[in-house]
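Residues per chain, in single letters:
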Amino acid sequence: MAKRGGKLVMEQVQKRYHKTVALHPTSLDIEPGEFFSLIGPSGSGKTTLLGTVAGFVPPTGGRIEMDGVNLAMLPPYQRNIGMVFQNYALFPHMSVFDNVAFPLRLRKLGVAAVEERTRKMLATVRLPDFGHRMPSQLSGGQQQRVALARAAVYGPRMLLMDEPLGALDKNLREELQYEIKAFHRQIDATVLYVTHDQEEAATMSDRLAIMNAGRIVQHGTPRHLYEHPTNAFVASFLGTANLITVIGKPESGEAEVRVPTANAGLLKAINTIGQGAMSEACVICVRPESIRIETGEQAKVCANSNRMEGKILDATYTAGTFRYQVQVGTETEAPVAVRLPSVRQSDMLPRGTNVSLVWPASATLLIRKD
Ligand SMILES: Nc1ncnc2c1ncn2[C@@H]1O[C@H](COP(=O)(O)OP(=O)(O)OP(=O)(O)O)[C@@H](O)[C@H]1O
Ligand SMILES: [Mg+2]
């Protein structure tokens with residue numbers, strides 16, 4: 001992680017457009033040098049939040065500080081914040097060198113300093129020999145690296161990126177994810193990054209926040225959010241989650257919960273909901289890779305595990321993994337997704353096989369439905 005960069009503090013920041021609430025009052029701290037991502041579905045408020053920090057969306061309430069300075073006092077160009085957008089927005093009539101040098105010349109740096117810093121930044125984005133080219137002579141990925149260089153060349157305390165890889169194809173996107181990470185390690189800037197791609201966010205970020213309908217629903221490290229989601233939205237937004245409806249209101253602490261699935265009845269679960277919130281509707285969340293499949297005689301119940309009987313509805317192989325859809329209970333209930341690494345199994349079980357699904361109670365989370 002980069003050692004330096006701005007510290008961002010948002011307190012109850014909100015944005016309304018007449019009756020539309022684009023951002024509900026939101027508080028968030030981002031640490032110096034951190035790589036922090038916002039993810040969420042379209043319209044959830046990601047660009048709005050970014051815009052309040054950049055200065056092109058005036059908030060209708062709250063306070064934003066960088067390094068203790070109230071940003072409301074500063075116009076966008078004085079905030080010491082660089083931006084990269086999805087559409088590269090390079091100046092088409094300027095060479096690559098002049099594009100990257102532009103922010104330095106705007107700040108009236110001397111010719112020698114402009115030359116040195118522009119060359120250094122072009123080398124950092126691995127385009128040292130591209131200075132004389134025009135943007136139209138570059139590939140999409142190269143253009144985006146120039147945009148990155150231009151945003152960071154004057155040494156801003158913070159870099160904001162709004163879906164910078166959104167226009168690129170999958171392979172190039174993955175390559176540039178690692179490049180942007182490496183780039184971040186070389187510069188001294190905090191990064192606030194927007195994407196709707198959860199894998200991209202998990203790959204790149206120290207921490208991330210999941211947004212829905214103008215709110216941050218949960219934030220934390222990628223691993224924490226995947227393994228300890230607090231509600232069904234977060235659980236299903238990050239990866240695949242098997243969500244099973246819970247009947248009635250369970251007690252707090254470690255719990256046995258009743259589920260409608262005919263042959264399961266009771267499941268042992270870790271209750272992640274505090275005592276005060278027990279009146280809320282709950283679901284059980286089990287990740288597909290937590291579940292083991294057993295066939296025939298070998299299945300036995302163990303004290304700290306759960307078990308359900310089912311029948312394989314669908315079986316596929318992708319990239320080293322068997323993916324099963326298993327029907328448990330009635331046909332109206334969603335099938336359970338199971339993922340097993342193929343190297344540890346022999347053959348893929350065919351459709352129609354009767355199986356037992358077994359998984360530990362410790363991988364059975366009782367979470368909020370909403
Ligand atoms: N200028 C505006 N006037 C009115 N409503 C707006 C305006 N800008 C954004 N909104 C609304 O605010 C909400 C949040 O929009 P925002 O652009 O922040 O979403 P987003 O998460 O960036 O979505 P996407 O992934 O599609 O880019 C949306 O409902 C949007 O319609
Ligand atoms: Mg957006």
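Residues numbered from 1 in each chain as written. Chains lettered and ligands numbered in written order. Predicted model: local features only at pLDDT ≥ 70, side-chain atom pairs only at ≥ 80, totals over all residues. Heavy atoms only, no water.

Undergrad: Account for the packing of helix H4 (residues 140–152) against helix H5 (residues 170–186), naming residues and giving values.
TA: Look at H4 against H5: their axes get within 11 Å of each other, and the N-to-C directions meet at 20°. Accordingly, the angle class assigned to the pair H4 and H5 is roughly parallel. Crossing of H4 over H5 shows right-handed handedness. Contacts from Gly141, Arg145, Leu148 and Ala152 of H4 reach H5 at Leu172, Leu176, Glu179, Ile180 and Phe183. Each residue belonging to the contact of H4 with H5 can be placed in one class, and the counts come to 6 nonpolar, 1 polar and 2 charged. (Axes fitted to C-alpha atoms, helices over the stretch in contact; angles between N-to-C directions. Helix = DSSP H or I, 4+ residues; strand = E, 2+ residues; numbered from the N terminus. Parallel < 35°, antiparallel > 145°, perpendicular 65-115°, else oblique. Left-handed = near helix turned anticlockwise from the far one by under 90°. Contact = heavy atoms within 4.5 Å. Nonpolar A, V, L, I, M, F, W, Y, C, P; charged D, E, K, R; others polar.)

Undergrad: Quick one: what's the story with the site of ligand 1, residue by residue and with numbers?
TA: Around ligand 1 lies a shell formed by Tyr17, Ala22, Pro41, Ser42, Gly43, Ser44, Gly45, Lys46, Thr47 and Thr48. A distance of 2.8 Å separates an oxygen atom of ligand 1 from a polar backbone atom of Gly43. Separating an oxygen atom of ligand 1 from a side-chain N or O atom of Thr48 is a distance of 2.5 Å. Expressed as a share of its isolated accessible area of 640 Å², the protein-covered part of ligand 1 is 58%. Sorting elements by how many residues they give to the shell around ligand 1 places helix H1 (residues 46–54) first, with 3 residues. (Near = heavy atom within 4 Å. Polar contact = N/O pair within 3.5 Å; in protein donor to acceptor, adjacent residues only side chain to side chain. Areas by Shrake-Rupley, 256 points an atom, 1.4 Å probe, with all protein chains shown as cover.)

Undergrad: Talk me through the side chain of Arg79; I want residue IDs and the actual numbers.
TA: Tracing the backbone through its elements, the reader meets Arg79 in the loop between strand E5 (69–70) and strand E6 (81–84). One buried charged side chain, Arg79, makes no salt bridge at all; its nearest oppositely charged neighbour is Asp67, positioned 13 Å away. For Arg79, the side chain forms a polar contact with the main-chain oxygen of Val53, separated by 2.9 Å. Of the polar contacts made by the side chain of Arg79, one reaches the backbone oxygen of Leu71; its length is 3.0 Å. What Arg79 contacts, discounting residues up to four positions off in sequence, is Thr52, Val53, Ala54, Gly55, Met66, Leu71, Ala72 and Leu74. (Buried < 20%, exposed > 50% of the residue type's maximum accessible area, 1.4 Å probe, protein only. Lys, Arg positive; Asp, Glu negative; His and termini not counted. Salt bridge = Lys/Arg side-chain N within 4 Å of Asp/Glu carboxyl O.)

Undergrad: Kindly report on unusual backbone geometry, identifying the contributing residues and their values.
TA: Peptide bonds are mostly trans, and most non-glycine residues show a negative phi. Phi at Asp67 takes a positive value of approximately 50°, unusual for a residue other than glycine. Relative to the assigned elements, Asp67 resides in the loop between strand E4 (61–66) and E5. Asp67 sits in the partly exposed class, given a relative accessible area of 38%. Positive phi outside glycine occurs at Ala319, with the angle close to 40°. Using a relative accessible area of 78% as the deciding quantity, one classes Ala319 as exposed.

Undergrad: Which residues make up the packing of aromatic side chains, and what values do they have?
TA: In total, this model carries 6 aromatic pairs according to the counting rule given. Between Tyr317 and Phe322, the aromatic rings sit 6.0 Å apart at their centres with planes inclined by 65°, giving edge-to-face as the arrangement. By relative accessible area, which is 7% here, Phe322 ends up buried. Ring pairs connect the aromatic residues Tyr317, Phe322 and Tyr324, which therefore count as one cluster. (Phe/Tyr/Trp six-rings, centres within 6.5 Å; stacked < 30°, edge-to-face > 60°.)

Without other data, these values stay purely geometric and don't point to any function.
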